[in-house]
Amino acid sequence: MFYFTESVRFFGNTNPEKLIQRYGSPLYVYSETILRDRIHEMQNLLQDDTFVVNYSIKTNSNLEILKIALEEGLSADAMSPGEIHVLLEAGFPADRIFFVANNISEEEMQYAIDRNILISLDCVAQIEQFGKINPGGRCAVRLNPGIGAGHHKKVVTAGKNTKFSVSEEDVDAAIQTAGKYNLQIIGVNQHIGSLFMDSEPYTEAVKNFLSIAERFDSLEFVDFGGGFGIPYKKLSGEKSMNLSDLSVQLSSIVNEWRKGKRENISIKTEPGRYIAAECGVLLGQVHAIKNNAEEKYIGTDIGMNVLVRPSMYNSWHDIEVYRKGHPISDFECEAVTVVGNICETGDILAAQRMLPMIHQGDIICVLDAGAYGYSMASNYNNRLRPAEVMIDASGEPHLIRRRETLDDLMLLFQ
Ligand SMILES: *Cc1c(COP(=O)(O)O)cnc(C)c1O
């Protein structure tokens, strides 16, 4: 087995054992170097002066990570007033926040309007609602390019079977409704889904999207959305997306589209997972090992409340096993089922996974947990959400969010 974390010196001057001794378990650990590398890769996706990369806070909302995104020049997209609030607290100026809303109330719209934050409206009814409370205002509209993509049907967000966005047939109605309230549609956006490794559906969607965008005459930006995949099976050789190919294709589509006009329309993208996933791992400890019928269970403290993706989407996360600070050799492997400590049989991190012989006390390191990891963690079973640590560029760890305490569980009752 190939150990990813060793190959990139993920843990810098420390190691999983020391980290758990110092900060407890389970523990999210991030690499500042990998985070910045991924940001730079996205910023280089399009050679275009107007190109803006948004950071999707829903993937990881740790304040330190947001500050790095801000410092690197990213803008941000938000899905809720809560995300807007945290982005403002992190220091993002209002004009670098884009509220990509879905089925929001008047109050939620007003919250964004009061803070001068641009909202993307994703159906005629929401345009109507926005127009009533903010006639003459500026807004964006989310379009459905007719093509979706993604790793699971729950996260395909364009095409036919989705609650999101204005489909081509409804564009006239959307423009008409905006006209009725003198709204200025200054941007259009799309997001076709999450975690595609193949660039074709994306470039096809971008082409359709740009052709639908023709029908809007006061655009200041077009936003291509996110969804760029990362290799979750890197230990068995899966490769990253070929961004240089994608970059060439996108550049040619954009150049063709501009052809002497539309120089002032800027291009945006909203990669979430691509930026945050690979910079994070989740460490946990093995507390019990048992056999039941044919199955060998490795019982850990990484419950579905800490990382929900495997139980929610059946997602694969690569696993490394550490003993005394070092990854253990895969000289002898066996199929085991790695589970957490939550009262639910579906609390499975990895089913029938070939792993080195694991002992009680070993440390499990779950790779690619930086996106949709902590941000989807919960207090289910009244478990405490873990701490988060960042390994800085010089290899030193820093606590960037404390572990919850039992008292935190009582906070809302005071
Ligand atoms: C979730 C989401 C993103 C980011 O998606 P990834 O798959 O993590 O890249 C971007 N834009 C919108 C509107 C989203 O809903």
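Preceding block: the structure.
Residues numbered from 1 in each chain as written. Predicted model: local features only at pLDDT ≥ 70, side-chain atom pairs only at ≥ 80, totals over all residues. Heavy atoms only, no water.

Enquirer: Sorry if this is basic, but what is going on with the pattern of salt bridges here?
Expert: Close approach of charged atoms lets side chains of opposite charge pair. Scanning the entire structure with this criterion turns up 20 salt bridges. Salt-bridge contacts for Glu 204 lead to Lys 207; the nearest nitrogen and oxygen are separated by 3.2 Å. With Glu 204 and Lys 207 both in helix H9 (residues 200–213) and three residues apart, this pair spans about one turn of that helix. Under the relative-accessibility criterion, Lys 207 is labelled partly exposed at 41%. (Salt bridge = Lys/Arg side-chain N within 4 Å of Asp/Glu carboxyl O. Helix = DSSP H or I, 4+ residues; strand = E, 2+ residues; numbered from the N terminus. Buried < 20%, exposed > 50% of the residue type's maximum accessible area, 1.4 Å probe, protein only.)

Enquirer: What's the story with the site of the ligand in this structure? I'm lost.
Expert: By nearness alone, 15 residues border the ligand, and Lys 58, Ser 194, Glu 270, Arg 273 and Tyr 372 come closest of all. A distance of 2.5 Å is found between a nitrogen atom of the ligand and a side-chain nitrogen or oxygen belonging to Glu 270. Here an oxygen atom of the ligand and a backbone polar atom of Gly 272 are 2.9 Å apart. For the ligand, whose accessible area on its own is 390 Å², the fraction buried by protein is 96%. Most atoms of the ligand, that is more than half of them, are within 2 Å of grid points of the largest pocket. (Near = heavy atom within 4 Å. Polar contact = N/O pair within 3.5 Å; in protein donor to acceptor, adjacent residues only side chain to side chain. Areas by Shrake-Rupley, 256 points an atom, 1.4 Å probe, with all protein chains shown as cover. 1 Å grid on protein atoms, 1.4 Å probe; cavity = no way out; pocket = protein on both sides within 12 Å on 5 of 7 lines; lining within 4 Å. Sits in = over half its atoms within 2 Å of the grid points.)

Enquirer: Sorry if this is basic, but what is going on with the sheet that holds strand S2 (residues 52–56) here?
Expert: Adjacent strands of a sheet form backbone hydrogen bonds with each other and so pair up, either parallel or antiparallel. One closed barrel holds the eight strands; their spatial order is S2-S3-S4-S5-S6-S7-S8-S9, and the pairing between them is parallel. Strand-to-strand twist in this sheet, taken as the mean axis angle between neighbours without regard to direction, amounts to 30°. In this sheet, strand S8 (residues 221–223) lies alongside strand S7 (residues 184–189) in parallel orientation, the contact comprising three bridges. By the bridge assignment for S8, Gly 187 is matched with Phe 221. (Pairing = 2+ DSSP bridges. Axes fitted to C-alpha atoms, helices over the stretch in contact; angles between N-to-C directions.)

Enquirer: Hey, could you run me through the side chain of Ser 251 in this one?
Expert: By the secondary structure assignment, Ser 251 is in helix H10 (residues 243–258). The contact partners of Ser 251, leaving out residues within four places of it in the chain, are Leu 46 and Gln 47. (Contact = heavy atoms within 4.5 Å.)

Enquirer: Could you clarify how one ought to interpret the layout of surface pockets in this entry?
Expert: Vacant regions in the atomic arrangement are exposed by a probe of water-molecule size rolled over the atoms. Estimated volume of the largest pocket: approximately 570 Å³. If you trace the largest pocket, you find 27 residues lining it, with Lys 58, Met 79, Phe 164, Ser 194 and Tyr 372 closest to the centre. Per element, the largest residue contribution to the lining of the largest pocket is three residues, and it comes from helix H12 (residues 309–313). By volume, the second largest pocket is sized at about 430 Å³. Taken together, 23 residues make up the lining of the second largest pocket; nearest its centre are Asn 116, Ile 117, Leu 118, Arg 138 and Ile 186. Every element with two or more residues in the lining of the second largest pocket is listed here: S2, strand S4 (97–100), helix H6 (106–114), strand S5 (118–121) and strand S9 (266–269). (Points joined across faces, edges and corners; volume = space filled by probe spheres on them.)

Enquirer: Could you clarify how one ought to interpret the environment of Ser 329 in this entry?
Expert: Secondary-structure assignment places Ser 329 in the loop between strand S13 (326–327) and strand S14 (333–339). For the pair Ser 329 and Ile 391, spaced 62 residues apart in the sequence, the C-alpha separation amounts to 25 Å. With residues near it in sequence (within four places) discarded, Ser 329 still touches Tyr 3 and Pro 356.

Enquirer: Help me out: how do you make sense of H6 in this one?
Expert: Each full turn of the α-helix corresponds to 3.6 residues, which orients residues three or four apart in the same direction. Taken as a whole, H6 has its buried residues at Met 109, Tyr 111, Ala 112 and Ile 113. Tucked inside the fold, the buried residues of H6 contact helix H5 (81–90), S4, S5 and helix H7 (124–133).

Enquirer: When you look at empty space enclosed by the protein in this model, what are you seeing that I'm missing?
Expert: Considering all chains together, one arrives at one cavity of 30 Å³ or more under this definition. Volume-wise, the largest cavity comes out at about 30 Å³. Considering the residues around the largest cavity, the lining is formed by Ile 302, Gly 303, Met 304, Leu 307, Pro 310, Ser 311, Asp 347, Ile 348 and Leu 349. Only H12 and strand S15 (348–356) provide two or more residues apiece to the lining of the largest cavity. Grouping the amino acids of the lining of the largest cavity by side-chain chemistry returns six nonpolar, two polar and one charged. (Nonpolar A, V, L, I, M, F, W, Y, C, P; charged D, E, K, R; others polar.)

Enquirer: Could you clarify how one ought to interpret the packing of aromatic side chains in this entry?
Expert: Each aromatic ring pair is characterised by the separation of its centres together with the angle its planes make. Under the definition given, this model contains nine aromatic pairs. Between Tyr 202 and Phe 228, the ring centres sit 4.9 Å apart and the planes meet at 65°, which makes this aromatic pair edge-to-face. With Tyr 202 in helix H9 and Phe 228 in the loop between S8 and H10, this residue pair connects regions lying 26 residues apart in the sequence. The exposure classification of Tyr 202 matches that of Phe 228, with both residues buried. Taking 6.0 Å as the distance between ring centres and 85° as the angle between the ring planes, the aromatic pair formed by Phe 209 and Phe 224 counts as edge-to-face. Separated by 15 residues along the polypeptide, Phe 209 in helix H9 and Phe 224 in the loop between S8 and H10 bring together distant segments of the chain. Across the pair, Phe 224 and Phe 209 agree in class, each one buried. Here a set of aromatic residues connected by ring pairs shows up, and it is made of Phe 10, Phe 11 and Tyr 322. (Phe/Tyr/Trp six-rings, centres within 6.5 Å; stacked < 30°, edge-to-face > 60°.)

Enquirer: Please clarify how the packing of H9 against H10 should be interpreted in this entry.
Expert: Packed helices, taken two at a time, are described by the angle their axes make and the gap between the axes. One way to put it is that H9 packs onto H10 with a least axis distance of 10 Å and a crossing angle of 10°. With respect to H10, the element H9 is oriented roughly parallel. Between H9 and H10 the crossing geometry is right-handed. Contacts between H9 and H10 pair Tyr 202, Thr 203, Val 206, Lys 207 and Leu 210 from the former with Leu 246, Gln 249, Leu 250, Ile 253 and Trp 257 from the latter. Residue composition of the contact of H9 with H10, by class: seven nonpolar, two polar and one charged. (Parallel < 35°, antiparallel > 145°, perpendicular 65-115°, else oblique. Left-handed = near helix turned anticlockwise from the far one by under 90°.)

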